[in-house]
Amino acid sequence: QVQLVESGGRLVQAGDSLRLSCVASGLTIGNSGMAWFRQAPGKERELVAAITGSGRTSYLESAKGRFVIDRDNAKNTVYLQMNNLKPEDTAVYYCAARRRLTPRWEYWGQGTQVTVSS
């Protein structure tokens with residue numbers, strides 16, 4: 001059984017930094033695609049950052065230059081380092097995973113709330 005458990009979300013001020021963590025069990029993140037999504041109230045869920053099994057990363061345009069996704073294979077943990085946070089980054093952030101060659105995101109965490117005050 002695959003489980004993804006996020007942590008690290010909290011209330012911060014604009015300009016602050018925050019690092020989210022996602023601990024995975026039941027799958028090996030080094031062999032999987034991992035991603036961070038977010039969903040703000042009244043908005044659709046959007047892909048913020050993703051990392052492939054080979055380590056290739058991709059980002060939402062508004063996150064480029066501010067957010068970094070990386071992973072620690074030994075800890076089976078994926079991180080999202082968020083710098084220079086803005087009020088529009090306020091959302092519930094979800095960790096997601098998919099097995100190799102699987103097009104859809106199969107597994108989801110419960111989410112962690114990030115609130116950025118101006």
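The preceding data block contains the structure.
Residues numbered from 1 in each chain as written. Predicted model: local features only at pLDDT ≥ 70, side-chain atom pairs only at ≥ 80, totals over all residues. Heavy atoms only, no water.

1. Digging into the sheet that holds strand E3 (residues 18-25)
Hydrogen bonds along the backbone pair up the strands of a sheet, which may run parallel or antiparallel.
In step 1: The four strands are arranged E1-E3-E8-E7 in an open sheet whose pairing can be described as antiparallel. Only two strands of the sheet have a single partner each, and these edge strands are strand E1 (3-7) and strand E7 (67-72). When strand polarity is set aside, the average angle formed by the axes of neighbouring strands in this sheet is 20 degrees. (Pairing = 2+ DSSP bridges. Helix = DSSP H or I, 4+ residues; strand = E, 2+ residues; numbered from the N terminus. Axes fitted to C-alpha atoms, helices over the stretch in contact; angles between N-to-C directions.)

2. Points about the environment of Gly111
In step 1: Secondary-structure assignment places Gly111 in the loop between strand E10 (107-108) and strand E11 (112-117).
In step 2: Along the primary structure Gly111 and Leu4 are separated by 107 residues, whereas in three dimensions their C-alpha atoms are 9.3 Å apart.
In step 3: Sequence-distant contacts of Gly111, defined by excluding residues within four places in its chain, comprise Glu6, Val92, Tyr93 and Tyr94. (Contact = heavy atoms within 4.5 Å.)

3. What to know about the pattern of salt bridges
In step 1: Overall, the coordinates contain five salt bridges when judged by the stated rule.
In step 2: For Glu46, the salt bridge is made with Arg38, and the minimal N-O distance between the two is 2.7 Å.
In step 3: Residue Glu46 is classed as partly exposed on the basis of its relative accessible area, which comes to 30%.
In step 4: A residue is classified by how much of its surface remains accessible, and Arg38, at 6% relative accessible area, is buried.
In step 5: Among the ionic contacts, a cluster of salt bridges with common partners joins Arg38, Glu46, Arg66 and Asp89. (Salt bridge = Lys/Arg side-chain N within 4 Å of Asp/Glu carboxyl O. Buried < 20%, exposed > 50% of the residue type's maximum accessible area, 1.4 Å probe, protein only.)

4. Concerning the side chain of Thr77
In step 1: Relative to the helices and strands, Thr77 is located in strand E8 (residues 77-82).
In step 2: The class of Thr77 is buried, set by a relative accessible area of 5%.
In step 3: A polar contact is formed between the side chain of Thr77 and the backbone oxygen of Lys75, at a distance of 2.8 Å.
In step 4: Setting aside chain neighbours within four positions, we find Thr77 in contact with Ser21, Cys22, Val23, Ile29, Asp70, Arg71 and Asp72. (Polar contact = N/O pair within 3.5 Å; in protein donor to acceptor, adjacent residues only side chain to side chain.)

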